[in-house]
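# Fold and geometry: a report
Spelled out from the first residue to the last, the chains are:
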Amino acid sequence: METNYSNPEEQAKALHGDRINEETREIQQHLLGILKAIDQVCREHHLRYYLFAGTMLGAMRHKGFVPWDDDADVAMPRPDYEVFLKHANEWLPERYELVSPGHPDNYPYCFARVQDGNTTYIPRRSFPFVGGLPVDVFPIDGMVGPGFRRWWHYFRYRLYWKLLYFSQTDPYKHGKGFRSVMTIAIRKILPPLFLHRKVKEVCMEFKYEGSALLADNDNRPERGILPKEVYGDPTPIEFAGETLMTVADPDAYLRYCYGNYMEIPKVIPQTFFRYLSLDKPWREYLKEQEEQEVRNV
């Protein structure tokens, strides 16, 4: 397919026009509201944060969201992240709420999210967790150079992450059999809260303050480790008509993670959710589901 277009917007529309629609734009407006709330909290309380991953890419290539994106990401140095986790639900506007590992008990991810409580969002993966449309919030931790210590770090991270996945996923997603028996056994032997603690211990193994390298542990090592100076002090960047913050050297970050990031990819990810309502609060959705189950008994 020809991809020699005059600008990224033209190329994106030609390649992925089916995903660039009013629904996606409405989702992005909700996400922008969450990003602005995070930005305001961080400015008021002197916390560092960065637009991250595909959201940073969108800022650089599109001055806003990647046109088909239905998610958003920010990252924080570990010290700021821990303060944010402790106080976000005091500081955020009422409609937004922080969820994080262990809070609530069935939250399945190794990173936090700020979600819109006036919406309902069910992830594509077969987790029992139901919440609102989220912005992911990742911690940035210290990292060591190549060698056994790094290998051992990621080996344990992947092991605990995989066990955590099985401790939370639907054991009968693929029917009954060895996989379902294994999943139920993992749940009984290794509770999710224990595994969340082990993941965090591994992530914080190398202290942020004394490290020349920084890691986004949720990413693969070959894409998630960068010199501290690439992150640097949060730097203003235009995003969807707002001024938000990103890393000191976004070009170096994006080239390391994506290569020629200005080129529109021919293949894009599927949506990250299996159910989304921008009009129904997730608590109301859960109440309706519980009432429906009672009627069906």
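Our subject is the structure listed above.
A quick note: this is a predicted structure, and the numbers were derived from the prediction, not measured.

Mapped onto the fold, Ser167 is located in helix α5 (residues 148-168). At 2.8 Å, the side chain of Ser167 and the backbone oxygen of Leu164 are in polar contact. Excluding residues that lie within four positions of it along the chain, Ser167 makes contacts with Ile186, Arg187, Leu190, Pro192 and Leu195.

Glancing now at the environment of Asp116. Here Asp116 lies in strand β4 (residues 112-123). Along the chain, Asp116 and Leu32 lie 84 residues apart, while their C-alpha atoms are 11 Å from each other. Excluding anything up to four places from it in sequence, Asp116 contacts His30, Ile34, Arg95, Tyr96, Gly132, Leu133 and Trp282. Engagement of the side chain of Asp116 in a polar contact is seen with the side chain of Arg95, the distance being 2.8 Å. Of the polar contacts made by the side chain of Asp116, one reaches the backbone nitrogen of Asn118; its length is 2.9 Å.

As a further point, take unusual backbone geometry. At the junction of His103 and Pro104, the peptide bond is cis and its omega measures out at 5° in the coordinates. Structurally, Pro104 is set in the loop between β3 (96-99) and β4. A positive phi is found at Lys63, a non-glycine position, where the angle reads about 55°. The topology assignment puts Lys63 in the loop between α3 (53-62) and β2 (73-77). Positive phi is not limited to glycine here, since Ala240 has a value of about 50°. Assignment of secondary structure puts Ala240 in the loop between β8 (235-239) and β9 (242-246).

For Ala53, the location among the structural elements is in helix α3. Residue Ala53 is classed as buried on the basis of its relative accessible area, which comes to 15%. Each C-alpha atom of the pair Ala53 and Gln28 lies 16 Å from the other, and the pair is 25 residues apart in sequence.

Let us look at the packing of aromatic side chains. Under the counting rule described, the total for this entry stands at 20 aromatic pairs. Note on Tyr107 and Tyr109: the rings are 5.6 Å apart at their centroids and 70° apart in plane angle, and the pair reads as edge-to-face. For the pair shown, Tyr107 and Tyr109 are each scored as buried. The residue whose ring lies beneath Lys162 is Tyr165, and the NZ or CZ to ring-centre distance is 5.8 Å. Taking the ring centre of Tyr208 as reference, the NZ or CZ of Lys228 above it sits at 4.7 Å.

Procedures and definitions
- Residues numbered from 1 in each chain as written.
- Predicted model: local features only at pLDDT ≥ 70, side-chain atom pairs only at ≥ 80, totals over all residues.
- Heavy atoms only, no water.
- Helix = DSSP H or I, 4+ residues; strand = E, 2+ residues; numbered from the N terminus.
- Polar contact = N/O pair within 3.5 Å; in protein donor to acceptor, adjacent residues only side chain to side chain.
- Contact = heavy atoms within 4.5 Å.
- Buried < 20%, exposed > 50% of the residue type's maximum accessible area, 1.4 Å probe, protein only.
- Phe/Tyr/Trp six-rings, centres within 6.5 Å; stacked < 30°, edge-to-face > 60°.
- Lys NZ or Arg CZ within 6 Å of the ring centre and 35° of its normal.

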